Amino acid sequence: MTRAAPGRASVDAGFYATLLGATFLMGSSFIAGKILLGHGVPAILLVGWRFLLAAFATLPLLAMARVPLRAQLWPPAMAPRQAWVVGAIGLLQTAAVMGLLFVGMRSIPAAAAAILLFSNPIWVALLGRLFLHESLGPVRVAGLLLGMLGVALAIGPGALLTGQHDALFGELCCLASALCWAVATIINKRAALPIGGLALNFWQMLIGALVLLALAWSGGERWPTDIGAREWLWFVWLAVPASTGSFGLWFVALRRGGATHASGWLFLTPLFAVLLSFVVLHTALSPLQLCGGALIGVGLWLVNRAPA
């Protein structure tokens, strides 16, 4: 008679609880961002301050490890020439991805922005095939096709046919954001940097935040003078729990379940964004956008399925 490995059920429960926490916090960032944008906070300035605070909030998490903080932030195995790779990831993953996302979210619902951004694994699989020669197989190809169809439905012809150019611009910005995220992922995969995920996350947030704040300053963006306590609470939520907290939980989930297993659950983030948008912002997606989001979710599951 065989017995289950002790603690296996608790490990699985912990993994899924961590995933739910990470994706819920990620989803909530779209709601907090939309509220602040609606209050007149400039998009680039908002993202810059968000990730500057989030980067420094990551340092206590790194300091809790047994490895000295300096060795985590720049391990001995890191070569000086790899600094440009870290810089490129920061420019793409934080400055481009989040800058484009929040610019796009000024004119489209938070839930629609989340759906388009989290089509990213679809583009990662496609770029991985083109540049890293990763095999796809029929199941992943089917996932790619379903995901692309879902993106087309999520964007839809409505904004173009009805002359809603601001909405179309916002949708394209969010799609470009997903593509930048995919490019950053491919660069990271190819470089195989000898640095921990949380430490790399610190650098990419810090570099991206400084670039965005410089752009905001040069563009004349200023923080609104009529920000109240409610808006400041939303900003703190956006910067700490929804950024540092979500990334910290995500890296814990990656360690517990592996990248392939965990990434297949990323579709929960836009799902939480849709639900929270309905509850907090009282907005809903069109049936076409909901159908597109569902197809993207199925596509993500197929693309991220572990090989037999």
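A short tour of the structure in this document, coming up.

The rules behind each value
Residues numbered from 1 in each chain as written. Predicted model: local features only at pLDDT ≥ 70, side-chain atom pairs only at ≥ 80, totals over all residues. Heavy atoms only, no water. Helix = DSSP H or I, 4+ residues; strand = E, 2+ residues; numbered from the N terminus. Rg over C-alpha atoms; globule rule 2.2 N^0.38 Å. Buried < 20%, exposed > 50% of the residue type's maximum accessible area, 1.4 Å probe, protein only. Contact = heavy atoms within 4.5 Å. Areas by Shrake-Rupley, 256 points an atom, 1.4 Å probe, with all protein chains shown as cover. Salt bridge = Lys/Arg side-chain N within 4 Å of Asp/Glu carboxyl O. Patch = residues over 30% accessible without salt bridge, like charges linked within 9 Å, V, L, I, M, F, W, Y side chains within 5 Å. Axes fitted to C-alpha atoms, helices over the stretch in contact; angles between N-to-C directions. Parallel < 35°, antiparallel > 145°, perpendicular 65-115°, else oblique. Left-handed = near helix turned anticlockwise from the far one by under 90°. Nonpolar A, V, L, I, M, F, W, Y, C, P; charged D, E, K, R; others polar. Disulfide = S-S within 2.5 Å. Phe/Tyr/Trp six-rings, centres within 6.5 Å; stacked < 30°, edge-to-face > 60°. Expected span 1.5 Å × (residues − 1). Bend = angle between axes of the 7 residues up to and from the residue.

**Structural notes on the overall build of the protein chain**
Secondary structure summary: the protein chain contains 14 helices and zero strands in total. In the protein chain, the order of α-helices and β-strands from amino to carboxyl end is α-α-α-α-α-α-α-α-α-α-α-α-α-α. Against the globule reference of 19 Å for 308 residues, the protein chain gives a C-alpha radius of gyration of 19 Å, in line with a compact fold. For the protein chain, the proportion of its 308 residues judged to be buried stands at 50%. The long-range fraction of contacts in the protein chain, counting pairs at least 24 apart against all pairs at least 6 apart in sequence, stands at 87%. On the protein chain, roughly 14800 Å² of surface is accessible, and the fraction owed to carbon and sulfur atoms is 71%.

**Some points on the pattern of salt bridges**
Opposite charge on two side chains allows them to pair when their charged atoms are near. Counted by the stated rule, this structure contains one salt bridge. Notably, a salt bridge pairs Arg230 with Glu231, separated by 3.4 Å at the nearest N-O pair.

**Considerations on a nonpolar patch on the surface**
Taken together, Leu53, Val236 and Val240 make up a surface patch of nonpolar side chains, about 200 Å² in accessible area. Positionally, Val236 belongs in helix 11 (residues 229–257). Classification of Val236 as partly exposed rests on a relative accessible area of 41%.

**Concerning the environment of His133**
Among the structural elements, His133 can be located in the loop between helix 6 (120–131) and helix 7 (137–155). Of the residues examined, His133 reaches a relative accessible area of 64% and is grouped as exposed. Along the primary structure His133 and Leu213 are separated by 80 residues, whereas in three dimensions their C-alpha atoms are 37 Å apart.

**Side note on the packing of helix 6 against helix 9 (residues 165–191)**
Here helix 6 crosses helix 9 at 45 degrees, and the two axes come no closer than 8 Å. Classified by the angle their axes make, helix 6 and helix 9 are oblique. Helix 9 is crossed by helix 6, and the crossing has right-handed handedness. Of helix 9, the residues touching helix 6 (which contributes Asn120, Trp123, Val124, Leu127, Gly128 and Phe131) are Leu175, Ala178, Leu179, Trp181, Ala182, Val183, Thr185, Ile186, Lys189 and Arg190. Split into classes, the residues belonging to the contact of helix 6 with helix 9 amount to 11 nonpolar, three polar and two charged.

**Some details on the state of the cysteines**
Between two cysteines, a covalent bond joining their sulfur atoms is known as a disulfide. Tallied over the entire structure, the rule returns zero disulfides. Of all cysteine sulfurs in the structure, the one in Cys173 sits closest to Cys174, which takes part in no disulfide; the separation is 6.8 Å. Cysteine Cys291 is unpaired, with the sulfur of Cys174 as its nearest cysteine sulfur at 20 Å. Classification of Cys291 by relative accessible area gives partly exposed; the value is 38%.

**What about the packing of aromatic side chains?**
A complete count under the given rule lists nine aromatic pairs for this structure. Note on Trp223 and Trp232: the rings are 5.4 Å apart at their centroids and 15 degrees apart in plane angle, and the pair reads as stacked. When its relative accessible area of 22% is taken as the criterion, Trp223 is described as partly exposed. Residue classification places Trp232 among the partly exposed positions, given a relative accessible area of 41%. Put simply, the rings of Phe30, Phe118 and Trp181 pair up and form one aromatic cluster.

**Points about the environment of Leu25**
Inspection of the secondary structure assignment puts Leu25 in helix 1 (residues 8–38). A relative accessible area of 12% places Leu25 in the buried class. A C-alpha to C-alpha distance of 27 Å links Leu25 and Leu149, two positions 124 residues apart in sequence.

**Re helix 11**
In this model, helix 11 (29 residues) spans 39 Å end to end at C-alpha, consistent with the 42 Å of a helix rising 1.5 Å per residue. At Trp237, helix 11 shows its largest kink, close to 35 degrees, and the proline Pro241 lies no more than four residues downstream.

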